[in-house]
Amino acid sequence: MVVPLLVAATLVVFTIFYRKLRYIRFRQYAHIPQHPTSLLLGHLKLFGEFMKRNKPNAHADLAIVSMNRALGRPPLMFIDMRPINDPMVVVGDHEIADQLTKASKIFPTSPPKSSRSLERLLYLTGQTSIFSQHNEEWKLLRKRFSPGFAPQYLITFVPEILDKGLIFLERLDSLSKTEDTFSLMSLTTRLTFDVIGKVVMETDLDAQYYDQGKIGELVDLFETLLDAYNGERFNLPWWLTIRKVRRRAALSNRITSLLQAIVRHKHADLHETGKNTVNARSVLSLGLQDIATLTPDIVDETCDQLRTFLFAGHDTTSILLSWVFYELSRTPHALRAVHAELNNLLGPDSSPATVRARLLERVDLVQQMPYISAVITTTTPTGRHRACDTAGFWLHRSIIHTDPKAYGDTADDFVPERWLADDNSDAVGQTAIPASAWRPFERGPRNCIGQELANIEARVIIALAVRRYDFIKVGLGEFALDEGGRPKLDTKKGQYKVTEELYTTRQVTSKPVDGMKMRVKVV
Ligand code: HEM
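Residues numbered from 1 in each chain as written. Predicted model: local features only at pLDDT ≥ 70, side-chain atom pairs only at ≥ 80, totals over all residues. Heavy atoms only, no water.

In the annotation of an unreviewed UniProt entry, the protein is listed under the name Cytochrome P450 and assigned to Hypoxylon rubiginosum.

Asker: Even after reading the chapter, I still don't get the overall build of the protein, so can you show me in this structure?
Answerer: For the protein, the helix and strand inventory stands at 19 helices and 10 strands. The C-alpha atoms of the protein give a radius of gyration of 25 Å, which matches the 24 Å a tight globule of 523 residues would have. Projecting the C-alpha coordinates of the protein onto the three principal axes gives extents of approximately 95 × 70 × 45 Å. For the protein, the proportion of its 523 residues judged to be buried stands at 53%. Within the protein, contacts between residues at least 6 apart in sequence are counted, and of these 71% link residues at least 24 apart. (Helix = DSSP H or I, 4+ residues; strand = E, 2+ residues; numbered from the N terminus. Rg over C-alpha atoms; globule rule 2.2 N^0.38 Å. Buried < 20%, exposed > 50% of the residue type's maximum accessible area, 1.4 Å probe, protein only. Contact = heavy atoms within 4.5 Å.)

Asker: Got a minute to help me understand unusual backbone geometry in this structure?
Answerer: Outside of glycine, negative phi angles account for most residues, and trans bonds account for most peptide bonds. Of note, the bond from Arg-82 into Pro-83 is cis; its omega dihedral lies within 30 degrees of zero at 10°. Mapped onto the elements of the fold, Pro-83 is located in the loop between strand E1 (76–79) and strand E2 (88–91). Even without a glycine there, the phi angle at Asn-135 is positive, about 45°. Note on Asn-135: relative accessible area 39%, which makes it partly exposed.

Asker: Explain the pattern of salt bridges here, please?
Answerer: A side chain of one charge can pair with a side chain of the opposite charge if their charged atoms are brought near each other. Taken as a whole, this structure holds 25 salt bridges when the rule is applied. With its nearest N and O atoms 3.5 Å apart, the salt bridge here joins Arg-486 to Asp-482. Residue classification places Asp-482 among the partly exposed positions, given a relative accessible area of 22%. Connected through salt bridges with shared partners, the residues Asp-98, Arg-397, Arg-439, Glu-442 and Arg-443 form a single ionic network. (Salt bridge = Lys/Arg side-chain N within 4 Å of Asp/Glu carboxyl O.)

Asker: Explanation requested: the confidence of the model for the protein in the structure shown.
Answerer: The predicted structure's coordinates, where accompanied by low pLDDT, should not be read in detail. Across the protein, the average pLDDT comes to 90, with 95% of residues at 70 or higher. Every residue in residues 383–390 is under pLDDT 50, and counting partners more than four places away or in other chains gives 33 contacts. (pLDDT = per-residue confidence, 0-100.)

Asker: Just to check I follow, could you spell out the nonpolar core for this structure?
Answerer: What tends to happen in soluble globular proteins is that the nonpolar side chains get buried as a cluster. If you look at the biggest cluster of nonpolar residues, it comprises 103 residues, and the most contacted ones within it are Leu-124, Phe-168, Met-201, Leu-259, Phe-325 and Val-338. With 14 residues, helix H13 (residues 296–330) is the largest single contributor of residues to this core. Apart from residues lying up to four places away in sequence, Leu-124 is in contact with Phe-222, Leu-225, Leu-226, Tyr-229, Arg-307, Thr-308, Phe-311 and Val-508. Judged by nonpolar contacts, the second largest core, of 16 residues, contains Met-51, Ala-63, Ile-64 and Met-81. (Core = buried A, V, L, I, M, F, W, Y, C linked by side-chain atoms within 4.5 Å.)

Asker: Where do I start with the side chain of His-43 in this structure?
Answerer: Structurally, His-43 is set in the loop between helix H1 (2–27) and helix H2 (44–53). Taking relative accessible area as the criterion, His-43 reaches 1% and is therefore assigned buried. Beyond its immediate sequence surroundings of up to four residues, His-43 is in contact with Gln-34, His-35, Pro-36, Thr-37, Phe-78, Ile-79 and Asp-80.

Asker: Which parts of the structure should I look at to understand the pairing of strand E10 (residues 517–522)?
Answerer: For a regular strand, side-chain orientation follows a simple rule: the groups alternate between the two sheet faces. When strand E3 (residues 182–183) meets E10, the two strands line up antiparallel, connected through 2 bridges. For Phe-182, the partnering residue across the bridge sits in E10 and is Met-518. By the bridge criterion, 5 bridges tie strand E5 (residues 469–473) to E10 in an arrangement that is antiparallel. Bridging across to E10, Asp-470 finds its partner in Lys-521. (Pairing = 2+ DSSP bridges.)

Asker: Explain the side chain of Ser-318 to me, please; I cannot follow it from the model alone.
Answerer: Mapped onto the elements, Ser-318 comes out in helix H13. A polar side-chain atom of Ser-318 sits 2.6 Å from the main-chain carbonyl oxygen of Asp-315. Every residue in contact with Ser-318, bar those within four places of it in the chain, is listed here: Met-185, Thr-188, Thr-189 and Thr-192. (Polar contact = N/O pair within 3.5 Å; in protein donor to acceptor, adjacent residues only side chain to side chain.)

Asker: Teacher, can you tell me more about helix H9 (residues 184–201) here?
Answerer: Think of an α-helix as 3.6 residues a turn; residues three or four steps apart then line up on the same face. The first and last C-alpha atoms of H9 sit 26 Å apart over 18 residues, in line with the 26 Å expected at 1.5 Å per residue. Most of H9 is tucked away, with 17 of its 18 residues classed as buried. (Expected span 1.5 Å × (residues − 1).)

Asker: Explain the environment of Val-324 here, please?
Answerer: With respect to the helices and strands, Val-324 occurs in helix H13. Judged by relative accessible area, Val-324 falls into the buried class, the value being 1%. Taking the C-alpha atoms as reference, Val-324 lies 8.4 Å from Thr-380; in sequence the two are 56 residues apart. With residues near it in sequence (within four places) discarded, Val-324 still touches Val-375, Thr-379 and Ile-462.

Asker: What is the right way to look at the packing of helix H16 (residues 370–379) against helix H19 (residues 451–465) in this model?
Answerer: The interhelical angle for the contact between H16 and H19, taken along N-to-C directions, is 120°, at an axis separation of 10 Å. In the crossing of H16 with H19, the sense of the turn from one axis to the other is right-handed. Counted together, Ile-372, Ser-373 and Ile-376 of H16 and Asn-455, Ala-458, Arg-459 and Ile-462 of H19 form the full contact between these two elements. The residue makeup of the contact of H16 with H19, split by class, is 4 nonpolar, 2 polar and 1 charged. (Axes fitted to C-alpha atoms, helices over the stretch in contact; angles between N-to-C directions. Left-handed = near helix turned anticlockwise from the far one by under 90°. Nonpolar A, V, L, I, M, F, W, Y, C, P; charged D, E, K, R; others polar.)

Asker: When you look at helix H15 (residues 352–361) in this model, what are you seeing that I'm missing?
Answerer: Within the sequence span of H15, burial applies to Pro-352, Val-355 and Leu-359. The arc that holds the buried residues of H15, viewed along the axis, is 65°, so those residues lie on one side. For H15, exposure combined with an orientation more than 90 degrees from the buried face picks out Ala-353 and Glu-361. Considering only its buried residues, H15 is in contact with helix H8 (158–178), helix H14 (332–346) and H19. (Arc of directions from axis to C-beta.)

Asker: Before we go on, may I ask you to explain the environment of Ala-435 in this structure?
Answerer: Here Ala-435 lies in the loop between helix H18 (404–407) and H19. Between the C-alpha atoms of Ala-435 and Asn-57, which are 378 residues apart in sequence, the distance is 33 Å.

Asker: Teacher, can you tell me more about the sheet that holds E2 here?
Answerer: Two pairing modes exist for strands in a sheet, parallel and antiparallel, and in both the strands are linked by backbone hydrogen bonds. What the 3 strands build is an open sheet, ordered E1-E2-E4; its pairing is mixed. Looking at which strands have only one partner, the edges of the open sheet turn out to be E1 and strand E4 (392–395). Direction aside, neighbouring strands of the sheet carry axes that sit 25° apart on average. Sheet topology places E1 next to E2; 4 bridges connect them, and they run antiparallel. Along E2, the bridge assignment pairs Met-77 with Val-90. Of the strands in this sheet, E1, E2 and E4 touch helix H3 (residues 60–70), which is tilted by about 120° from E1. Packing of helix H4 (residues 94–101) onto the sheet brings it into contact with E1, E2 and E4, and relative to E4 it is tilted by some 125°.

Asker: What should I look at first to understand the packing of aromatic side chains in this one?
Answerer: The relative placement of two aromatic rings is captured by the distance of their centres and the angle of their planes. Inspection of every chain in the model, using the stated rule, returns 12 aromatic pairs. Taking 6.2 Å as the distance between ring centres and 15° as the angle between the ring planes, the aromatic pair formed by Phe-14 and Tyr-18 counts as stacked. Here Phe-14 pairs with Tyr-18, and both are found in helix H1, just 4 residues apart, close to one helical turn. We note Arg-53 situated over the ring of Phe-50; from NZ or CZ to the ring centre the distance is 4.4 Å. Lying across the ring of Tyr-229, Arg-248 places its NZ or CZ 3.9 Å from the centre. (Phe/Tyr/Trp six-rings, centres within 6.5 Å; stacked < 30°, edge-to-face > 60°. Lys NZ or Arg CZ within 6 Å of the ring centre and 35° of its normal.)

Structure (structure tokens):
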């Protein structure tokens with residue numbers, strides 16, 4: 001009697017499970033365009049095949065782009081990675097992306113981000129980060145810290161950005177003498193750390209020492225923490241990465257201790273000694289200005305915002321700078337236009353001392369660089385998830401930014417001119433390209449708080465460096481040469497041909513796979 005009952009029960013359970021599985025694989029999201037799926041693995045196997053066809057260590061993003069193109073570029077594409085990852089709807093259409101980032105009745109501060117992505121970044125950004133909060137908590141944080149990111153404050157940091165930029169130049173000068181190959185990403189990462197430390201906390205992070213013994217402890221810890229994310233090609237659940245998670249937690253605690261000391265010190269300066277009140281202009285000072293009593297909760301919450309700013313503020317800007325110098329080195333007409341703009345604005349003497357003096361005398365010149373602005377607009381990198389409801393929506397900026405419907409036949413090419421507005425002003429929103437098709441900083445209420453800082457920083461560094469050096473790519477992405485040893489020009493694209501295209505990998509965000517290997521020569 002028992003055996004038939006057990007067999008019957010097993011059959012019932014199996015049937016329920018089978019019907020449920022059939023439902024979630026074949027019917028639940030059948031209305032959304034997708035590749036053929038499998039009962040057991042969903043799209044996992046297919047995704048694996050696209051990953052295999054990719055270049056070594058290429059970012060998973062690139063496999064998603066290929067999957068979208070193979071399906072005829074649908075505006076929405078469903079990918080089922082259950083049980084390894086949440087099911088996702090890849091959004092490749094800028095108008096739909098705009099709908100998803102708007103405030104609405106259901107999501108007054110726009111849809112929340114994917115919990116899997118937030119969980120992964122937790123040790124970099126902290127539990128109460130502005131990045132992960134929603135609704136009222138988020139509104140209060142954004143209100144508290146926004147003044148520090150206002151253009152009128154940021155522009156007062158041009159002297160500090162110049163000083164940090166000169167250290168970057170010293171390093172490039174010495175690399176020019178030795179003719180060594182180096183990672184431009186390592187240099188721009190250290191530079192942008194130095195800048196963000198000043199802007200956010202008025203603190204010297206001592207990031208640009210190349211003797212590891214001298215480098216600031218906070219930067220050292222942050223770099224080690226970022227290294228603890230390397231090698232993860234996609235978001236895995238915590239139970240598959242327990243050892244890494246423990247290591248990240250330990251490093252994160254040490255970073256918190258250092259930041260707590262900085263917050264307490266700054267608060268005392270502002271409210272007890274009265275030292276800094278008049279000149280308080282860093283993001284931290286402005287954020288602490290109205291807080292009379294520093295409770296442990298406020299200290300912790302402020303530390304979470306600082307670590308978020310330190311991470312978000314250095315990472316993407318360093319990537320942007322690396323790609324800018326590379327793309328300009330490849331695109332002679334764009335490089336000539338940048339030189340002409342700087343000669344016109346700052347004078348023909350491109351020595352660092354003269355550029356510095358001129359920008360100190362007229363900081364407003366930083367905001368008058370339309371061609372450089374177009375170069376930055378073209379190069380600003382892509383990345384990051386955003387999700388809502390049960391199926392995550394992945395606003396796929398790599399697909400949106402190469403959509404021929406918005407960008408025409410040259411969607412995949414480096415064309416700064418497409419961003420030049422007729423009236424010579426800063427471009428986005430004033431050209432034929434729909435404003436919502438350009439979203440590297442995202443749009444809507446949760447757009448990037450640091451967009452203006454990234455822009456100012458990039459313009460100052462480009463102004464200092466671009467006329468002083470020839471950047472020469474080595475390895476991936478290096479130029480194809482003719483018989484005479486000269487780079488071959490692709491006349492249609494206006495760019496030098498390369499032996500093999502440089503591509504991106506995942507190192508927390510999306511970075512050039514080789515760290516942007518370069519040599520440099522003082523011109
Ligand atoms: C080229 C440089 C940068 C790029 C491409 C970039 C990109 C982005 C993007 C796409 C988002 C939205 C993320 C999402 O919706 O999930 C974002 C948010 C954010 N970014 Fe940036 N960012 C850059 C520079 C900076 C800088 C310099 C800071 C300075 C601290 C910063 C701080 C933040 C913060 C705090 C948020 C969260 C804002 C909120 O949720 O209210 N970013 N960034």
